[in-house]
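# Tertiary structure, described
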Amino acid sequence: MSIQSFVSPDLIRQRFSRAMSDMYREEVPLYGALMELVAQTNAQVLRDDSRVAQQLRNTGEVQRLDLERHGAIRIGTAEELATISRLFAVMGMQPVGYYDLTPAGVPVHSTAFRAVHEAALQVSPFRVFTSLLRLELIENPELREFAQSVLARRSIFTPAALALIDKAENQGGLDEQDAKAFIEQALETFRWHHSATVTAEQYRQLSAQHRLVADVVAFKGPHINHLTPRTLDIDRVQAQMPEHGITPKAVIEGPPRRECPILLRQTSFKALEEPIAFPGQSSASHSARFGEIEQRGAALTPVGRALYDRLLNAARDELKDFPNEENAQRYNALLQAHFVEFPDSWAGMREQGLAYFRYFVTEQGLAASGDLSVSETLEGLLSRNYIRFEPLVYEDFLPVSAAGIFQSNLGDDAQSHYASQSNQQEFEKALGRSTINELALYAETQRRSILECCATLDLPPLA
Ligand code: OOG
Ligand code: NI
């Protein structure tokens, strides 16, 4: 079979992301309402704020905005994680970053599957935050063994999905017909199942250990638990949610509101109390699925990230409590006060090396391209307006924010403390490969953009 007949992994991902969105809209009607609210708000921001509109046009993000969403799943075993990694690879998604949630009392560690090259992200920025349950943290040995035995019996992939993953790996891709079948079959893994695989009493025990343990162990597969659209103004959406019958959590996770947004701001709301059926006649309810929105800003360098972490921790330390309904106003004020230290202009952030940027040749640059000296510097080209820059958008997640999202959706009684260290090695052993360092990806994209400018301007490579 010739290479030409394969559907590109980027297109498979784009189609899969759409199929998943359609499935989720059917399963969780509030998701449809949220998508509409976000689309309206984004259109309004693009109309009202010419600076933001121009920036998103320059970077091309405006074209991917409507496609942009992330989902999240929770996996039970190492074997499941290794296979999900192969499934995502068929769609050009790789595990980026390692997130340890145990310090926040959530017994999982995680990665985010996503495309890694800016050209691929442009076709579809679809991401899936994927957590692996750490059963070794369950203290009761009988319950732990029970959970292990339940998980060992289940198969979360359809036989056809497994066959198509093999086929894609062996052939190096999938043709049109196989790609279509793959999308249908892969989607089955993420579907919600109304019936539990354990008895009502076993569900109760698992749940008493941790709600998350029940959510992973008691069901047939890793149902997608939320699908998050990207908004251009999270405060505006948050303020309008109540009118649309949506009650968000009290505090927006991440940095405070700024002129020049950085990293990621997120808020979530409980979507559904689901009736579940147990073998036999009994039933109960389970809250598995929730809604979330996010606003993305600039990716930070290690220096910028260290500053962000320090200021966030300072605000939280001064609050002396987890942010909640009662202290939300004070928390926001503390965040604003501490983040005064973080420069709020793109130029300032670039000069201090706090964020990653993409560079573009300007009209003037193009006009001058034949006459430039080989000893040009980046700063020299910038100062004469031959090139300009835009921030690189953050494509990843934040562990403190993720912990806040987990907790608010699992219920407030879900906080526990685990005496365990972060274990990236163990996670990667389960995954069957190493995770990719997200900072290296941003640095490469920035570097590629500088090299492209040099090529366009007929200059030897800078930096
Ligand atoms: C994942 C929670 C984390 C985010 O956006 O940080 C997350 C989960 O609840 O499974 O989705
Ligand atoms: Ni999320």
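In what follows, the structure referred to is the one given above.
Scope of this entry: the structure provided in the associated data block. Remember, it's a predicted structure, so these values are computed and weren't measured experimentally.

## Focus: the overall build of the chain
- When helices and strands are tallied, the chain shows 20 helices and 13 strands.
- Taking 2.2 N^0.38 as the reference for a compact globule, 463 residues should give roughly 23 Å; the C-alpha atoms of the chain span a radius of gyration of 23 Å, in line with that estimate.
- Seen through its C-alpha atoms, the chain measures out along the principal axes to roughly 80 × 65 × 40 Å.
- When burial is assessed residue by residue, the chain has 56% of its 463 residues classed as buried.
- Restricting the contact set of the chain to residue pairs at least 6 apart, pairs at least 24 apart contribute 76%.
- Of the roughly 20000 Å² of accessible surface on the chain, a fraction of 51% belongs to carbon and sulfur atoms.
- Measuring between centres, the 45 positive side-chain charges of the chain sit 1 Å from its 60 negative side-chain charges.

## Topic: the coordination of the nickel ion (ligand 2)
- Note on the nickel ion (ligand 2): its protein donors are H70 (NE2), H226 (NE2) and E292 (OE). The metal-donor distances range over 2.1 Å.
- Each donor residue of the nickel ion (ligand 2) lies on one chain, and together they are spaced H-x155-H-x65-E. Taken together, the residues span a long stretch of sequence, with H226 in strand 7 (residues 226-229) and E292 in strand 11 (residues 290-296) at a distance of 66 residues. Of the two residues, H226 and E292, both sit in the buried class.

## Let's talk about empty space enclosed by the protein
- Counting across every chain of the model gives 2 cavities of 30 Å³ or more.
- For the largest cavity, the calculated volume is near 150 Å³.
- A72, F129, H226, I405 and F406 are, among the 15 residues lining the largest cavity, the residues nearest its centre.
- Looking at the lining of the largest cavity element by element, the count peaks at 4 residues for strand 2 (residues 69-75).

Reading the values: rules and limits
Residue numbering note: each chain is counted from 1, following its sequence as written. Working convention: letters from A go to chains and numbers from 1 go to ligands, in the order in which they are written. Where totals are concerned, whole chains, interfaces and linings use all residues; where local detail is concerned, this predicted model gives features only for residues with pLDDT of at least 70, and gives and counts side-chain atom pairs only at 80 or more. Calculation of side-chain values draws on the structure's entire complement of heavy atoms; hydrogens and water are dropped beforehand. To qualify as a helix, a DSSP run of H or I must reach at least 4 residues; to qualify as a strand, a run of E must reach at least 2; elements of each kind are numbered from the N terminus. Atoms considered for the radius of gyration are the C-alpha atoms alone. The globule rule reads 2.2 Å times the number of residues to the power 0.38. A 1.4 Å probe rolled over the protein chains alone gives each residue an accessible area, and that area as a share of the maximum for its type sets the label: buried under 20%, exposed over 50%, partly exposed in between. The criterion used for residue contact is that any of the two residues' heavy atoms lie within 4.5 Å. The Shrake-Rupley method, run with a 1.4 Å probe, gives the accessible areas here. Residue values count only the displayed protein chains as cover. In this charge count, Lys and Arg are treated as positive and Asp and Glu as negative; neither His nor the chain ends contribute. In plain terms, the charge of a residue is placed at NZ if it is Lys, CZ if Arg, CG if Asp and CD if Glu. Listed donor atoms are N, O and S within 2.8 Å of the metal (Na, K and Ca: 3.2 Å). As water is not included, a site may look incomplete. Buriedness of a pocket was judged along seven lines, with at least five required to meet protein on both sides within 12 Å; pockets are open sets of points on a 1 Å grid over the protein atoms alone, cavities are sets where a 1.4 Å probe fits but cannot get out, and lining residues have an atom within 4 Å of a point. Grid points are joined across faces, edges and corners, and a volume is the space filled by probe spheres set on the points.

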